[in-house]
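Each chain is listed here by its residues.
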Amino acid sequence: MIAFDKEQRVIVTGASSGIGEGIALLLNKLGASVIGIGRSRERLEAMKAKCARPENAFLELKDLTDDIGGLPEYVKSLKEKYGKFHGLALCAGIAALKPLQLLPLEETKRRFDINYFSPLFLAKGFADRRVNNGKGSSIVAISSAAAARGDKGMAAYAGSKAALSASMKSTSRELAVGGVRVNVLSPSDIKTPMTMNEDLTDLRKDREALYPLGFGEVEDVACFAAYLLSDRAKWLTSQNYTVDCGCGVI
Ligand SMILES: NC(=O)c1ccc[n+]([C@@H]2O[C@H](COP(=O)([O-])OP(=O)(O)OC[C@H]3O[C@@H](n4cnc5c(N)ncnc54)[C@H](OP(=O)(O)O)[C@@H]3O)[C@@H](O)[C@H]2O)c1
């Protein structure tokens with residue numbers, strides 16, 4: 001049985017949609033206090049309205065690319081507001097299919113800002129011993145199976161996620177001395193607003209045909225993330241788990 005108590009506070013980025021929302025809702029249901037970060041007040045409030053324990057759900061409006069260098073201080077300011085943190089779930093991210101020949105530099109940098117630099121500097125803030133609960137604290141970063149698989153049209157996205165996975169591995173070694181665990185989940189296609197938008201309908205049919213069990217559900221990632229953030233996973237760190245059904249999309 002995975003359970004948390006309300007003193008176990010977990011920051012969840014991307015809590016306003018898709019995988020981040022699913023993780024926030026599950027952690028809240030399992031007893032944790034959740035600090036959900038997103039840009040859309042409306043979507044964050046909709047997430048809170050679905051919470052099993054809304055009194056343990058707190059919302060923070062923030063564009064995580066506005067001042068990336070200031071994110072460690074931002075995390076410390078959240079600690080002053082809420083108390084020390086048990087966990088950090090790094091879910092905010094953007095994807096877009098774009099062949100290399102059509103890929104502008106600025107757009108590539110924007111992907112890296114939200115998919116790589118922002119989670120790295122949030123982790124830097126969380127890593128401060130004055131911010132986390134020490135032994136038993138945990139970071140889970142949502143990378144992507146695309147990082148290792150190299151799907152066509154994903155040079156920028158896959159690169160940003162590969163960088164995230166690599167940096168989290170390095171971070172895990174640094175934080176192990178303080179008892180803080182760091183793991184990565186690398187899902188294949190999961191049904192969320194990112195993958196289910198109408199523009200992708202044709203592409204989606206082709207891709208889903210390559211998935212032996214179809215696209216995944218948010219719960220498939222959320223359950224794994226909740227386990228990794230829980231004390232049940234006390235021995236697991238420095239791992240990158242693929243969340244997938246054996247698909248071979250390229
Ligand atoms: N869905 C998949 O198939 C899949 C597969 C592998 C990996 N992933 C990864 O899983 C994570 C979640 O994806 P998803 O499918 O759940 O996507 P989603 O439904 O589009 O949700 C993306 C989330 O990221 C937040 N976000 C984006 N840019 C932000 C910014 N600048 N500042 C703050 N928050 C920002 C959004 O906040 P607002 O709503 O407030 O804008 C939203 O909550 C991403 O990192 C994605 O790369 C997804």
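Here is what the cut-offs are and how they apply
- Residues numbered from 1 in each chain as written.
- Predicted model: local features only at pLDDT ≥ 70, side-chain atom pairs only at ≥ 80, totals over all residues.
- Helix = DSSP H or I, 4+ residues; strand = E, 2+ residues; numbered from the N terminus.
- Rg over C-alpha atoms; globule rule 2.2 N^0.38 Å.
- Buried ≥ 20, exposed ≤ 12 C-beta atoms within 10 Å, placed from the backbone.
- Contact = placed C-beta atoms within 7 Å.
- Axes fitted to C-alpha atoms, helices over the stretch in contact; angles between N-to-C directions.
- Parallel < 35°, antiparallel > 145°, perpendicular 65-115°, else oblique.
- Left-handed = near helix turned anticlockwise from the far one by under 90°.
- Near = placed C-beta within 6 Å.
- Nonpolar A, V, L, I, M, F, W, Y, C, P; charged D, E, K, R; others polar.
- Core = buried A, V, L, I, M, F, W, Y, C linked by C-beta atoms within 7 Å.

> What am I meant to see in the overall build of the chain here?
The number of helices and strands found in the chain is nine helices and seven strands. Relative to the globule expectation of 18 Å for 250 residues, the C-alpha radius of gyration of the chain, 17 Å, shows essentially globular dimensions. Expressed as lengths along the three principal axes of its C-alpha atoms, the size of the chain is roughly 45 × 35 × 35 Å. Across the 250 residues that make up the chain, the buried fraction comes to 42%. The long-range share in the chain, meaning contacts at least 24 apart out of those at least 6 apart in sequence, stands at 75%.

> For this particular structure, what's the right way to read the packing of helix H3 (residues 71–82) against helix H4 (residues 105–127)?
Helices that pack against each other are described as a pair by the angle of their axes relative to one another and the distance between those axes. Direction vectors running N to C along H3 and H4 enclose 50°, while the axes themselves pass 7 Å from each other. In terms of orientation, H3 and H4 fall into the oblique class. Crossing handedness for the pair H3 and H4: right-handed. Along the contact surface, H3 presents Leu71, Pro72, Tyr74, Val75 and Lys76, while H4 presents Ser118, Phe121, Leu122, Lys124, Gly125 and Phe126.

> Can you walk me through the site of the ligand in this structure?
Near the ligand, the surroundings consist of 28 residues, among which Gly18, Gly38, Gly93, Thr192 and Met194 are the closest. Listed by contribution, the elements that provide at least two residues to the shell around the ligand are helix H1 (18–29) and helix H7 (193–196). A per-class count over the shell around the ligand returns 12 nonpolar, 12 polar and four charged.

> So what exactly am I meant to see when it comes to the environment of Ile11 here?
Its place among the elements puts Ile11 in strand E1 (residues 9–13). Residue class for Ile11 comes out buried when judged on the 27 C-beta atoms lying within 10 Å of it. On a C-alpha basis, the gap between Ile11 and Val75 in space is 9.1 Å, while along the polypeptide they are 64 residues apart. Ignoring anything within four residues of it in the chain, the contact list for Ile11 reads Ile35, Ile37, Leu78, Phe85 and Leu88.

> I keep staring at the environment of Leu105 and nothing clicks. Help me out?
Tracing the backbone shows Leu105 in helix H4. Given 8 C-beta atoms within a 10 Å radius, Leu105 is considered exposed. Sequence-wise, Leu105 and Lys84 are 21 residues apart; in three dimensions their C-alpha atoms are separated by 38 Å.

> Just checking my understanding: could you explain the nonpolar core for this structure?
Inside soluble globular proteins, nonpolar side chains tend to come together where they are buried. In terms of nonpolar packing, the biggest core is built from 55 residues, with Val12, Ile23, Leu27, Ala89 and Ala225 touching the most fellow members. When sequence neighbours within four positions are dropped, the list of residues in contact with Ala225 reads Ile23, Ala89, Val140 and Leu185. Membership of the second largest hydrophobic core comes to six residues, among which are Ala146, Ala147, Tyr157 and Ala158.

> What is the right way to look at the environment of Arg130 in this model?
Secondary-structure assignment places Arg130 in the loop between H4 and strand E5 (138–142). A C-alpha to C-alpha distance of 24 Å links Arg130 and Asn28, two positions 102 residues apart in sequence.

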